[in-house]
Amino acid sequence: MSEWGSVSSQLHERRRACMSARGRAPERIAVLVVEDVLVGEDLVSAMRDQPVEMVVCSDPARALLVLGRSCPDAVVVGAAEGRLPVADFIQIARADDPDVPIVVGVGPTNRELAGIATDLGASMVVPRPYRPRRSSASSKP
């Protein structure tokens, strides 16, 4: 959580704006990633040049605390394991903020999560592993 630890980060600006309901739109999008650490680091790396500020929490219970403190623009949830099942995280997150987009990554070993996540109000279900698109300018013929 070091990226968001500074009181001058976009996260804290966003949270203050969210709490006061009169702040300006942030220059960067704040995304909470509830995912295995290695997968989360890959996502952060893939988004490095984008106007996105991401924090990765591998434990859904801890992620709920971050969600409550940070007011992110979106949440990405994968096959994170911890003290709280992913389905419970989605249900609590949706109850806390019905408008925040929740994207759930579902892999071949946890396909049943797709239906559960949809029933719990996930905004979108996407396949795992995540495969960020490479721009055509960076790919070689």
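Note that this is a predicted model, so its numbers are computed, not measured.

## Side note on the pattern of salt bridges
Side chains that carry opposite charge are capable of pairing whenever their charged atoms lie near each other. Following the criterion strictly, the structure yields 2 salt bridges and no others. Two residues, arginine 128 and glutamate 35, come together in a salt bridge whose shortest N-O distance is 3.0 Å. Here arginine 128 is found in the segment after strand S5 (124-127), whereas its partner glutamate 35 is found in the loop between strand S1 (29-34) and helix H2 (37-46), with 93 residues between them in sequence. A relative accessible area of 18% places arginine 128 in the buried class. Residue glutamate 35 is classed as buried on the basis of its relative accessible area, which comes to 0%.

## Some remarks on the environment of aspartate 99
Among the secondary structure elements, aspartate 99 is positioned in the loop between helix H4 (86-96) and strand S4 (102-106). On the basis of relative accessibility, which here comes to 70%, the residue aspartate 99 falls in the exposed class. The sequence separation of aspartate 99 and alanine 74 amounts to 25 residues, and the corresponding C-alpha distance is 9.3 Å.

## Points about the confidence of the model for the protein
For the protein, per-residue confidence averages 82 on the pLDDT scale, and residues scoring 70 or more make up 75% of the total. Of all the helices and strands in the protein, helix H1 (residues 10-20) carries the lowest mean pLDDT, 59, while strand S3 (residues 74-77) carries the highest, 96. Long-range and interchain partners of residues 136-141, a stretch whose pLDDT sits below 50, account for 0 contacts in this model, where long-range means more than four residues apart.

## Here we look at the sheet that holds S5
Strand order across the open sheet formed by 5 strands is S2-S1-S3-S4-S5, with parallel pairing between neighbours. Either end of the sheet is taken by a strand with one partner, and the two such strands are strand S2 (52-57) and S5. Put simply, the sheet's adjacent strands are angled 20° from each other on average, direction ignored. In terms of strand pairing, S3 meets S4 through 3 bridges, oriented parallel. By the bridge assignment, valine 77 is partnered in S4 with valine 104. Sheet contacts for helix H3 (residues 60-70): S1, S2 and S3; angle to S1, the most-contacted strand, approximately 160°. Of the strands in this sheet, S1, S3 and S4 are in contact with H4, which crosses S4 at around 170°.

Calculation criteria
Residues numbered from 1 in each chain as written. Predicted model: local features only at pLDDT ≥ 70, side-chain atom pairs only at ≥ 80, totals over all residues. Heavy atoms only, no water. Salt bridge = Lys/Arg side-chain N within 4 Å of Asp/Glu carboxyl O. Helix = DSSP H or I, 4+ residues; strand = E, 2+ residues; numbered from the N terminus. Buried < 20%, exposed > 50% of the residue type's maximum accessible area, 1.4 Å probe, protein only. pLDDT = per-residue confidence, 0-100. Contact = heavy atoms within 4.5 Å. Pairing = 2+ DSSP bridges. Axes fitted to C-alpha atoms, helices over the stretch in contact; angles between N-to-C directions.

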